[in-house]
Amino acid sequence: MMNGLSNYFGTICCAILCGIIASLLFSSRKTRVIVATSVAAFTMIPLTRSYHSIANYAFAFYDIPSLSTLYVAFLALLRPGVSFSVRFVWKLLVVVLGGALYLTEFNVLPFDLYRWGYVAPFMVIASGTAVVLGDTLVALMASASVVLTVSGVYANYFDALLDFPFWCIMVVHVAVCVVNGSFRRKRRPNYSVDNV
């Protein structure tokens, strides 16, 4: 179950995201960090008598950003170009998993995959599988997702792993990788014996 900690965590993470998004307009890393910090602090200042800030409104709209979204946001803050340092199979798995989650939420698929995110043994098995088969980053994300879900920061294991904006980014990223890969294969000269 979510608790008060999740509200604080979500509000702070939304403030950080607002700051990072604003900082992406600048090319220097030092400037991006200064702008991100300043904007994040500004979004936490209460604007109304009821003590609501821009970060509160962003949290009400967005909910708690997933760990994956936060990771990509920090990559964008620290590096000019975002790169996902995991193997392609894990990127494809995120696209497939997210697609299955969102299709089951709209009752397109006849089962409820999202419900498994509330089951502690499933979380441990999924994270253990990621540790055994995955890259270090995947294992850390999966393990941190279990800890934050069990502690009540996230309501569901899948919410901690991915959210809709991150899934959309990964769909585009995987599509670009597939298209670039197919174009590279077509451009490569064929050095078979028949052509010599």
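Each value, and the rule that gives it
Residues numbered from 1 in each chain as written. Predicted model: local features only at pLDDT ≥ 70, side-chain atom pairs only at ≥ 80, totals over all residues. Heavy atoms only, no water. Helix = DSSP H or I, 4+ residues; strand = E, 2+ residues; numbered from the N terminus. Buried < 20%, exposed > 50% of the residue type's maximum accessible area, 1.4 Å probe, protein only. Contact = heavy atoms within 4.5 Å. Areas by Shrake-Rupley, 256 points an atom, 1.4 Å probe, with all protein chains shown as cover. Axes fitted to C-alpha atoms, helices over the stretch in contact; angles between N-to-C directions. Parallel < 35°, antiparallel > 145°, perpendicular 65-115°, else oblique. Left-handed = near helix turned anticlockwise from the far one by under 90°. Nonpolar A, V, L, I, M, F, W, Y, C, P; charged D, E, K, R; others polar. pLDDT = per-residue confidence, 0-100. Polar contact = N/O pair within 3.5 Å; in protein donor to acceptor, adjacent residues only side chain to side chain. Core = buried A, V, L, I, M, F, W, Y, C linked by side-chain atoms within 4.5 Å. Phe/Tyr/Trp six-rings, centres within 6.5 Å; stacked < 30°, edge-to-face > 60°.

Novice: How should the overall build of the protein be read in this particular structure?
Specialist: Counting its regular elements, the protein contains nine helices and zero strands. For the protein, the residues scored as buried account for 37% of the 196 residues in total. A separation threshold of at least 6 residues defines the contact pool for the protein, and within that pool the share at least 24 residues apart is 68%. When the accessible surface of the protein is totalled, it reaches about 12100 Å², and 71% of it is carbon and sulfur.

Novice: So what exactly am I meant to see when it comes to the environment of Ser-38 here?
Specialist: Topologically, Ser-38 is positioned in helix α2 (residues 29-43). Exposure remark for Ser-38: the relative accessible area of 44% places this residue in the partly exposed category. With 18 residues separating them in the primary sequence, Ser-38 and Ile-20 have C-alpha atoms 10.0 Å apart.

Novice: I keep staring at the packing of helix α6 (residues 120-133) against helix α7 (residues 136-150) and nothing clicks. Help me out?
Specialist: Helices that pack against each other are described as a pair by the angle of their axes relative to one another and the distance between those axes. It is the contact of α6 with α7, at a shortest axis distance of 8 Å, that shows an interaxial angle of 160°. The angle between α6 and α7 places the two elements in the roughly antiparallel class. Once α6 is placed against α7, the crossing between them reads as left-handed. Listed contacts from α7 to Met-123, Ser-127, Ala-130 and Val-131 of α6 are Val-138, Ala-139, Ala-142, Ser-143, Val-146 and Thr-149. Taken together, the residues of the contact of α6 with α7 break down into seven nonpolar, three polar and no charged.

Novice: Help me out: how do you make sense of the confidence of the model for the protein in this one?
Specialist: Where the model shows low pLDDT, its predicted coordinates should not be examined in detail. Counting all residues, the mean pLDDT for the protein is 83, and 88% of those residues have values of 70 or more. Predicted confidence in the protein is weakest over helix α9 (residues 164-187), with a mean pLDDT of 80, and strongest over α2, with 93.

Novice: I keep staring at the side chain of Thr-69 and nothing clicks. Help me out?
Specialist: Considering the arrangement of structural elements, one finds Thr-69 in helix α4 (residues 67-78). The class for Thr-69 is buried, based on a relative accessible area of 11%. Here the side chain of Thr-69 touches Ser-66 through a polar contact of 3.0 Å, side chain to side chain. Ignoring anything within four residues of it in the chain, the contact list for Thr-69 reads Leu-17, Tyr-62, Asp-163 and Phe-166.

Novice: Is there a simple way to explain the side chain of Ser-66 in this structure?
Specialist: Structurally, Ser-66 can be placed in the loop between α3 (54-62) and α4. Each residue touching Ser-66, except ones within four places of it in the same chain, is listed here: Tyr-154, Asp-159, Ala-160, Leu-161, Leu-162, Asp-163 and Phe-166.

Novice: Honestly, the packing of α2 against α4 in this entry has me stumped. Any pointers?
Specialist: Relative to each other, α2 and α4 sit at 130°, their axes nearing to 8 Å. Taken together, α2 and α4 sit at an angle that is classed as oblique. Residues Arg-29, Arg-32, Val-33 and Ala-36 of α2 form the contact with α4, whose own contacting residues are Ala-76, Leu-77 and Leu-78. Residue composition of the contact of α2 with α4, grouped by class: five nonpolar, no polar and two charged.

Novice: Would you take a moment to explain the nonpolar core for this structure?
Specialist: The tendency in soluble globular proteins is for nonpolar side chains to be buried as a group. Ranked by internal contacts, the top residues of the largest apolar core, which has 21 residues, are Leu-101, Tyr-157, Phe-158 and Leu-162. Those elements that place two or more of their residues in this core are α5 (88-105), α6, α7, α8 (157-161) and α9. With residues up to four places along the chain from it excluded, the contact list for Leu-101 reads Leu-113, Tyr-114, Phe-158 and Leu-162. Leu-70, Leu-148, Tyr-154 and Ala-160 belong to the second largest nonpolar core, which has 17 residues in total.

Novice: Even after reading the chapter, I still don't get the packing of aromatic side chains, so can you show me in this structure?
Specialist: Think of a pair of aromatic rings as described by two things: how far the centres are apart, and how the planes are tilted against each other in angle. This structure, assessed with the given rule, holds eight aromatic pairs. A centroid spacing of 5.9 Å and a plane angle of 75° characterise the contact between Phe-9 and Tyr-154, whose relative ring orientation is edge-to-face. One end of the pair, Phe-9, is in helix α1 (residues 4-23); the other, Tyr-154, is in the loop between α7 and α8, with 145 residues separating them in the sequence. Under the relative-accessibility criterion, Phe-9 is labelled partly exposed at 24%. You can call Tyr-154 buried: its relative accessible area is 2%.

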